[in-house]
Amino acid sequence: KIEKAKPLKCGTFGATSLQQRYLATGDFGGSLNIWNLEAPEIPVYSVKGHKEIINSIDGVGGLGIGEGAPEIVTGSRDGTVKVWDPRQKDTPVANMEPVQGESKRDCWTVAFGNAYNQEERVVCAGYDNGDIKLFDLKTMSLRWETNIKNGVCSLEFDRKDVNMNKLVATSLEGKFHVFDMRTQHPTKGFASVSEKAQKSTIWQVRHLPQNRDIFMTSGGAGSLHLWKYEYPAQRSKKDSEGAEMGVAGSVSLLQNVTLSTQPISSLDWSPDKKGLCVCGAFDQTVRVLIVTKLNKV
């Protein structure tokens, strides 16, 4: 048990190896800190990354998955998304901020993807007004954007370390959207399917590490929903002008359970034991669960 002066909003082990187990955290003061849990008194890396609270954090390059640098991405209420390399002090390696004249939006969620070789990598960010933006770190440009008309609570690629395949975005009003990221149409972008999962906010989405077509959503009513994505017969087709466009699949509900009277705000799967997961809720309780029969779906 470790206590720090500033409240912590988010954390990830994603940028370090299993041997190191460094925890990166974002706090209410806008600071990014990396802690060695064997000696947690002072951080091994610290930077005042944002002017306001860091809402979301993600890491890649560690854990033996994904290629490239052990980077960390942070999204903040100040409207900026920044990518950090712990080997470079004080300044981010990438900074995505609103362009001149554009109003700043509260960034609620960030996620890495497409890290399948040393050169490629993307960051996806979701905002309070429903904007989703995909930043290509190779070209340092905005690759795609859309709006799901509702605050984006959580984003996750089905796998970070492969060619972009699917992206799930969850929203404030109980809907989630699955985007097929395999085919990008020049004007229509990515094909997607949306599902009204429940009446309350979907706080989090997490894909099963052993099967990326199965994912769990956690809700404001204290429930968990387990979903399966079914691919269409053909994932792409040509439009009238001969350009490739994606075809969205469908989602089906496998199982759901209500565990709490309060929102379940965080969730994670075990990478080793299939079906083992942990969730945290507003009722101050951490629950460890096992999902069975996953090999039969």
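Note that the structure is predicted; figures quoted are calculated from it, not measured.

Before going further, it helps to examine the pattern of salt bridges. Close approach of charged atoms allows side chains of opposite charge to pair. In this structure the tally under the stated criterion is 18 salt bridges. Taking the shortest distance from any N to any O, the salt bridge between Arg159 and Asp161 comes out at 3.0 Å.

Moving on, we come to the nonpolar core. Soluble globular proteins tend to bury their nonpolar side chains together. The biggest cluster of nonpolar side chains holds 16 residues, and the ones touching the most others in it are Ile132, Leu134, Phe157, Phe179 and Met181. Elements with a contribution of two residues or more to this core: β10 (122-127), β11 (131-136), β13 (152-157), β14 (166-171) and β15 (175-185). If one sorts the elements of this core by residue count, β13 sits on top with three residues. Discounting chain neighbours no more than four positions away, the residues touching Ile132 are Cys124, Ala125, Trp144, Glu145, Thr146, Ile148, Val152, Leu155, Ala169 and Phe179. Judged by nonpolar contacts, the second largest core, of 15 residues, contains Cys107, Val110, Tyr127 and Phe135.

The subject of this paragraph is the UniProt feature "repeat: WD" (unreviewed entry) in the protein. The UniProt entry lists residues 72-85 under the feature "repeat: WD" (unreviewed entry), expressed in the numbering used here. Helix makes up 0% of residues 72-85 and strand 64%, whereas the separation of the span's terminal C-alpha atoms amounts to 7 Å.

Residues Lys149, Lys175, Lys196 and Lys199 make up a contiguous surface patch of positive charge. Among the secondary structure elements, Lys175 is positioned in strand β15. A relative accessible area of 35% places Lys175 in the partly exposed class.

Taken in spatial order, the four strands of this open sheet run β9-β10-β11-β12, and their pairing is antiparallel. Two strands close off the open sheet at either side, each with one partner strand: β9 (107-113) and β12 (141-147). Ignoring strand direction, the axes of neighbouring strands in this sheet form an average angle of 20°. Of the pairings in the sheet, the one linking β10 to β11 comprises five bridges and is antiparallel in character.

Taken as a whole and judged by the stated rule, the model has six aromatic pairs. Geometrically, the ring pair formed by Trp144 and Phe190 is edge-to-face, given 4.9 Å between the ring centres and 80° between the ring planes. With Trp144 in strand β12 and Phe190 in strand β16 (residues 189-196), this residue pair connects regions lying 46 residues apart in the sequence. Each member of the pair, Trp144 together with Phe190, is buried. Summarising the aromatic geometry, the rings of Trp203 and Phe282 are spaced 5.0 Å apart at their centres and angled 70° between planes, so their arrangement reads as edge-to-face. Of this pair, Trp203 sits in strand β17 (residues 202-208) while Phe282 sits in the loop between β24 (276-281) and β25 (286-290); the two residues are 79 residues apart in sequence, bridging distant segments of the chain. Here the aromatic residues Trp144, Phe179 and Phe190 are joined through ring pairs into a cluster of three or more.

Cut-offs and rules
- Residues numbered from 1 in each chain as written.
- Predicted model: local features only at pLDDT ≥ 70, side-chain atom pairs only at ≥ 80, totals over all residues.
- Heavy atoms only, no water.
- Salt bridge = Lys/Arg side-chain N within 4 Å of Asp/Glu carboxyl O.
- Core = buried A, V, L, I, M, F, W, Y, C linked by side-chain atoms within 4.5 Å.
- Buried < 20%, exposed > 50% of the residue type's maximum accessible area, 1.4 Å probe, protein only.
- Helix = DSSP H or I, 4+ residues; strand = E, 2+ residues; numbered from the N terminus.
- Contact = heavy atoms within 4.5 Å.
- UniProt positions renumbered as here; feature names shortened; annotations may be inferred.
- Patch = residues over 30% accessible without salt bridge, like charges linked within 9 Å, V, L, I, M, F, W, Y side chains within 5 Å.
- Areas by Shrake-Rupley, 256 points an atom, 1.4 Å probe, with all protein chains shown as cover.
- Lys, Arg positive; Asp, Glu negative; His and termini not counted.
- Charge placed at Lys NZ, Arg CZ, Asp CG, Glu CD.
- Pairing = 2+ DSSP bridges.
- Axes fitted to C-alpha atoms, helices over the stretch in contact; angles between N-to-C directions.
- Phe/Tyr/Trp six-rings, centres within 6.5 Å; stacked < 30°, edge-to-face > 60°.

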